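Each chain, letter by letter, is given below.
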Amino acid sequence: MNIWIVGTGYVGLVTGLCFAKLGHQVWCIDQDKTKIERLSDGKVPMHEPGLPELLHDQLALGRIHFAHEYTHLHAVDAAFIAVGTPPTERGEADLRYVFSVVEDLAKYGTPGLLVATKSTVPVGTAAKIRERFDRLGRSDIEVASVPEFLREGNAIEDTLNPHRLIYGVTSKTALTVLEAIHKNLASPVVVCEPPTAEMIKYASNAFLATKISFVNEIANICDRIGADVSQVALGMGLDPRIGPSFLRAGLGYGGSCFPKDTKALVNIAGAVNYDFTLLRAVVEVNQRQRMAPLYRLLNWFEDLAGLTVCLLGVSFKPGTDDTRESPSLDLARQLVAHGATVRMVDPVVKDAKVPGCGTDLSVTCDPYEGLLDADAAVLVTEWDDFLHLDWQRVKNLMRHPFWFDGRNVLDPDRLREAGLVLANIGRGV
Ligand code: UGA
């Protein structure tokens, strides 16, 4: 098949390369010329395991192409819209980029083209896209919703072996095209109407976010009653109806998806006069959770003015250099507001733009450099690099030996043996 992917962000680039690997001819379109040139030269703009190799292979095979305009007009079978849908001030998804792509596709799309959304879009967007194509005289274009469920850091595996494929379609023709594109994938398929497909995406992310906020609330209670949330989660997760994943207590979820999608779903519900009480609480718990280290530090030191705090981890999770909605940035901002000097350490992130903090904070990749003369350390992102430090050396480097393990991944015995003071989340210490 001949496929256009519009937008070369995480979802677009990974989807395009995986479709190429499945044997299709893929043209990735992005208005950012520099990005397109770099991609054509084999340079990947983000940190994602396996992506540079996949790009290199598919360029060599001639199955992936990059362009900043729709120059390849010969019989394209499908176009996937994978442009950003950033939240507006009110937490709604901003669809301006999606609709601008629709205008372009109406102009350049070959007859009978299937246009599918991959970006996470509010329920009802496929219907609006349909209306726009009709208004632009392109009733021949098919519209579908095919949401994406890839995780950053695991993107290729998730795209080539998805847990499910969701085809939100309104015609047999659209279904046939989608089946042909995905024919080499052995995943369960759900065929439904576009609004249902759009809702599956939001409901999935909202449910996972709910699991995280739920376990974080349990953790906070565990702290007060002397129980250990790691073991509580282990015990709960063995029940197959609950399952073990997304029950890791910590500083809550970040990234470009959960924070945006949970707020957007609250708004989608609100727009039809439904108060999504549970999800509003999930969002609130998550916001509060990321400040846990700040309150613990205030408890311990009383005043943070003049102290140096080292934050280990800037990206919102390990395996990516994405810092969008990272708890680390919020925490840094609050610490600076309390008069502390903040040092940041991350193996892949090079600089940290902390909103409301004036200047960018410097980031080092060497934990020992970041910890030198620090009064406190907070593990925010559970990168492997931070799990097996030379704790004795750490103790000797720091001015005060206070550690907060924001992801419950450090071995308390080893830190205490080295003379460090360790606080964590929901483990009674
Ligand atoms: C998430 C979903 O997992 C994907 O299925 C979805 O496709 C994607 O959003 C999206 O909508 O595009 P991602 O944001 O890459 O993927 O990250 P996750 O691995 O799901 O982690 C999200 C956040 O939850 C991270 O900040 C992580 O630290 C946190 N988390 C995760 C916890 O705090 N506890 C857990 O037990 C699990």
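Residues numbered from 1 in each chain as written. Predicted model: local features only at pLDDT ≥ 70, side-chain atom pairs only at ≥ 80, totals over all residues.

- As recorded in an unreviewed UniProt entry, the protein chain goes by the name UDP-glucose 6-dehydrogenase, listed as coming from Alicyclobacillus ferrooxydans.
- The UniProt entry for the protein chain carries the following comment under Sequence similarities (unreviewed entry): "Belongs to the UDP-glucose/GDP-mannose dehydrogenase family."
- The UniProt entry for the protein chain carries this comment under Pathway (unreviewed entry): "Nucleotide-sugar biosynthesis; UDP-alpha-D-glucuronate biosynthesis; UDP-alpha-D-glucuronate from UDP-alpha-D-glucose: step 1/1." (UniProt positions renumbered as here; feature names shortened; annotations may be inferred.)

## Some details on the UniProt feature "binding site: NAD(+)" (unreviewed entry) in the protein chain
- In the numbering used here, UniProt assigns the feature "binding site: NAD(+)" (unreviewed entry) to D30, K35, T85, T120, E152, K260 and R324. The named residues occupy 295 residues along the chain; their greatest pairwise C-alpha distance, 24.7 Å, places them well apart from one another.
- Along the chain, T85 falls in the loop between strand 4 (78–81) and helix 4 (96–108).
- With 23 C-beta atoms packed within 10 Å, T85 lands in the buried category.
- The contacts of T85, once residues within four sequence positions are left out, are A93, D94, L95, V98, S119, T120 and V121.
- With residues near it in sequence (within four places) discarded, R324 still touches G255, S256 and F316. (Helix = DSSP H or I, 4+ residues; strand = E, 2+ residues; numbered from the N terminus. Buried ≥ 20, exposed ≤ 12 C-beta atoms within 10 Å, placed from the backbone. Contact = placed C-beta atoms within 7 Å.)

## A few points about the site of the ligand
- Around the ligand sit 21 residues in total, of which E152, R248, Y253, G255 and C257 are the nearest.
- Of the residues forming the shell around the ligand, the biggest block, three residues, is contributed by helix 8 (residues 194–225).
- Residues of the shell around the ligand, tallied by class, amount to 10 nonpolar, six polar and five charged.
- Counting only domains with at least three residues in the shell around the ligand, you end up with domain 1 (2–192) and domain 2 (201–288). (Near = placed C-beta within 6 Å. Nonpolar A, V, L, I, M, F, W, Y, C, P; charged D, E, K, R; others polar. Domains from an automatic or database assignment.)

## Overview of the domain arrangement of the protein chain
- Under the domain assignment, the protein chain is made up of domain 1 (2–192), domain 2 (201–288) and domain 3 (290–424).
- Taking the mean C-alpha position of each, domain 2 and domain 3 sit 24 Å from one another.
- Contacts between the two partners involve 11 residues from domain 2 and, on the opposite side, 14 residues from domain 3.
- Grouping the amino acids of the side of domain 2 that touches domain 3 by side-chain chemistry returns three nonpolar, seven polar and one charged.

## Looking at the environment of S213
- Relative to the elements of secondary structure, S213 occurs in helix 8.
- Taking the C-alpha atoms as reference points, S213 and N396, 183 residues apart in sequence, are found 36 Å from one another.
- For S213, the residues in contact, after removing those within four places along its chain, are V282, V285 and N286.

## What about the sheet that holds strand 10 (residues 341–345)?
- Ordered by their spatial adjacency, seven strands build an open sheet running 11-12-10-9-13-14-15, and the pairing between neighbours is mixed. For this open sheet the edge positions go to strand 11 (351–352) and strand 15 (421–424), each flanked by a neighbour on one side alone.
- When strand 11 meets strand 12 (residues 361–364), the two strands line up antiparallel, connected through two bridges. In the strand pairing of strand 12, D351 is matched with S362. (Pairing = 2+ DSSP bridges.)

## Let's talk about the packing of helix 4 against helix 5 (residues 125–135)
- At a minimum axis separation of 10 Å, helix 4 and helix 5 run at an interaxial angle of 35 degrees. Crossing of helix 4 against helix 5: the hand is right-handed. Contacts from V98, F99, V102 and A106 in helix 4 reach T125, I129, R132 and F133 in helix 5.
- Of the residues contributing to the contact of helix 4 with helix 5, the split by class is six nonpolar, one polar and one charged. (Axes fitted to C-alpha atoms, helices over the stretch in contact; angles between N-to-C directions. Left-handed = near helix turned anticlockwise from the far one by under 90°.)

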